[in-house]
Amino acid sequence: MTNSNDDGALRPQPEVAGDLDGAGTLNGRAGASVFSIGGPDSRGGTAAANPYELLSASLAACTAMTIRLQP
């Protein structure tokens, strides 16, 4: 799936997929990055970042980039 910028250039959209009968872990892809989302590990913890942690990290990165680009 693709989307276009204001300049008409196509860019890939993030995708998330998983099995309904699996352990609850989802696989996410954004551009060339592939990562696991949520799901239990063998110790009862979480095997990967949960959606809240991913959202928090993306907002922190956006804020850091905005501050870095200020003159």
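Everything discussed here concerns the structure shown above.
Residues numbered from 1 in each chain as written. Predicted model: local features only at pLDDT ≥ 70, side-chain atom pairs only at ≥ 80, totals over all residues. Heavy atoms only, no water.

Asker: Where do I start with the overall build of the chain in this structure?
Answerer: Counting its regular elements, the chain contains 1 helix and 5 strands. Across the 71 residues that make up the chain, the buried fraction comes to 7%. Counting contacts in the chain only where the partners sit at least 6 residues apart, residues at least 24 apart contribute 0% of the total. As displayed, the chain offers around 5,800 Å² of accessible surface, 58% of which is attributable to carbon and sulfur atoms. (Helix = DSSP H or I, 4+ residues; strand = E, 2+ residues; numbered from the N terminus. Buried < 20%, exposed > 50% of the residue type's maximum accessible area, 1.4 Å probe, protein only. Contact = heavy atoms within 4.5 Å. Areas by Shrake-Rupley, 256 points an atom, 1.4 Å probe, with all protein chains shown as cover.)

Asker: Sorry if this is basic, but what is going on with the sheet that holds strand E4 (residues 26-30) here?
Answerer: Strand pairing in a sheet relies on backbone hydrogen bonds, with the paired strands running either antiparallel or parallel. If you trace the 3 strands from one edge of the open sheet to the other, you get E3-E4-E5, paired in antiparallel fashion. The sheet is open, and its two edges are formed by strand E3 (15-17) and strand E5 (33-37), each paired on a single side. For this sheet, the mean angle separating the axes of adjacent strands, direction not counted, is 20 degrees. (Pairing = 2+ DSSP bridges. Axes fitted to C-alpha atoms, helices over the stretch in contact; angles between N-to-C directions.)

Asker: Explain the environment of Gly28 to me, please; I cannot follow it from the model alone.
Answerer: Note on placement: Gly28 falls in strand E4. The spatial distance from the C-alpha of Gly28 to the C-alpha of Gly18 is 8.8 Å, given a sequence separation of 10 residues. Once residues within four sequence positions are removed from consideration, Gly28 is found in contact with Glu15, Val16, Ser33, Val34, Phe35 and Ile37.

Asker: When you look at the pairing of E5 in this model, what are you seeing that I'm missing?
Answerer: Within a regular strand, the side chains alternate between the two sheet faces. Bridge analysis of E4 against E5 gives 5 bridges, and the strand direction is antiparallel. If you follow Asn27 over to E5, its bridge partner there is Ser36. With antiparallel pairing between neighbouring strands as the criterion, E4 and E5 make up a hairpin whose turn holds 2 residues, including Gly31 at a positive phi of roughly 65 degrees.

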